[in-house]
Every structure is written in structure tokens, then in C-alpha cells.
Amino acid sequence: MMGGMKKKPGFHETGTRDSGLHGAGTRDSGLGTRQSRSRRACALRAVQCRGWRRHALPAFSESRVPSPGSRLQRGFTLLEMLAVIVLIGIIGTIVVRQVGHSVDKGKYGAGKAQLTTLGQDIDSYALDNGSPPQSLDDLVTKPANAANWQGPYAKPSQLKDPWGHAFGYQYPGQHGSYDLIFYGQDGRPGGTGYSADVGNWQ
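Reference entry: report on the structure contained in this document. (Residues numbered from 1 in each chain as written. Predicted model: local features only at pLDDT ≥ 70, side-chain atom pairs only at ≥ 80, totals over all residues. Heavy atoms only, no water.)

Looking only at helices and strands, the chain features 2 helices and 3 strands. For the chain, the succession of helices and strands along the chain, N to C, is α-α-β-β-β. By residue count, 19% of the 202 residues in the chain fall in the buried class. Pairs at least 24 residues apart make up 40% of the contacts formed inside the chain by residues separated by at least 6 positions. (Helix = DSSP H or I, 4+ residues; strand = E, 2+ residues; numbered from the N terminus. Buried < 20%, exposed > 50% of the residue type's maximum accessible area, 1.4 Å probe, protein only. Contact = heavy atoms within 4.5 Å.)

Below, the structure is given as C-alpha cells:
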């Protein structure tokens, strides 16, 4: 009996130890749970931080800090603008030359037509007064020796060619009763192109 009584405390101690171990296991389990939660919270924060860096920081850097590619693009844009300006200048020069050429051509044709008209006015004067005028001014203002002057036969502006030069006139003429000459663009005898002379005898 006494031997059996001595065994009970052993079982009690063993149970106590098991209970202690069970308590320690419970504490370890609670600690493990807290640690696991802490790890998950840290992992979640790390993911959030990486996401914020991935989405927020590039947007900030792209909006605030110009990239080398954007600088290069702006440089090419400036060069393209300069090229366009130069091209416009070249085209403008060509257009101005073409327009000027057309204007000169028109003036030259108008001068030849004016030469014909002025010759007809001289012929009208000669019919009324028996001979051509001594000068082209006699077509506008009556001279003292013109007894049957019916003028004016021409306007003062008609005595100038389209470039504002006076027509050449000679009486008596070398090629007829009178010589009437349109000197062209340069307003002088001789010349080529739009400066070539045109006479009423041609």
C-alpha cells in the first residue's frame, strides 16, 4: 500500500510537468501566432511600399524631371522648325522672283502697246496740223505754230512708259517722218531682254 501511495505523487508530478509543457506550448503557440501576424503585416507593408514606389515615384519623376529622350526630342523639334523657316524663305524668294518677272513682262508688253497708241496720237496731230509735232509735249499743250490744233491729243501720263521713263522722240526721224522709241526697263538706248528698245518703225 505504501508503495502504491508513493507512485501517485509521481503521476501527479508528471501531470504537472505535462500541464506545464502544455502551458508552455500554448504560450509558444500564441507567440507564434503574434509573430506570424507581425510577419504578414510587415509583408503587407512591404508590398504596399513597393506598389507605391512603382506607381507613385515614376509618375513624380516623369512629371518633374525631364528625361534625356525628351530633351533630344525638343532639340529635333527646334531643328525641324529652323528647317521649315529656311524652306519658307527659299520658297518666298522664288515666288517673289517669279512675280517680279511676271510684272516686268507685263510692263514691257504694256509699254509696246503704249508706243503704238502714242504713235496714233502723233498721226492725228499731223493730220490736223500738216506735220508731226516738234516734241511730244505739243500733244498735250498747244504750240504757237499749230494753227489747227484740236488737242489735247494725249494725257501727260501717256508720255511716260510703265516704268516712268519718257519715250524717245525725234522729228524729223531717221526711219520715217518721225521716230518714236520705247527704251524698256532701263530707260536708256540699247539693252537686252526687258530693256531692249522698241521703235515705231519695227
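Let us now look at the side chain of D138. Positionally, D138 belongs in the loop between α2 (68–129) and β1 (168–170). Discounting chain neighbours no more than four positions away, the residues touching D138 are Y125, P133, P143 and W149.

With 20 residues, the main nonpolar core has L118, I122, L136, L139, F167, L180 and F182 as its most contacted residues. No other element matches the 5 residues that α2 contributes to this core. (Core = buried A, V, L, I, M, F, W, Y, C linked by side-chain atoms within 4.5 Å.)

Read across the open sheet, the 3 strands follow the order β1-β2-β3; overall the sheet is antiparallel. Sheet topology places β1 and β3 (198–199) at the edges, where each strand pairs with a single neighbour. Pairing of β1 with strand β2 (residues 179–182), which is carried by 3 bridges, proceeds in the antiparallel orientation. Following the sheet pairing, Y169 is matched in β2 by L180. (Pairing = 2+ DSSP bridges.)

Glancing now at the packing of aromatic side chains. Summed over the entire model, instances satisfying the criterion amount to 7 aromatic pairs. Summarising the aromatic geometry, the rings of Y125 and Y153 are spaced 5.5 Å apart at their centres and angled 75° between planes, so their arrangement reads as edge-to-face. With Y125 in helix α2 and Y153 in the loop between α2 and β1, this pair connects stretches of sequence that are 28 residues apart. Judged by relative accessible area, Y125 falls into the buried class, the value being 4%. We classify Y153 as buried; its relative accessible area is 13%. Taking 6.4 Å as the distance between ring centres and 15° as the angle between the ring planes, the aromatic pair formed by W163 and F182 counts as stacked. (Phe/Tyr/Trp six-rings, centres within 6.5 Å; stacked < 30°, edge-to-face > 60°.)

Residues D179 and I181 point to one face of β2 and L180 and F182 to the other, with burial holding for every one of them. Where β2 and β3 come together, 2 bridges link them in antiparallel fashion. Looking across to β3, one finds that F182 is bridged to V198.

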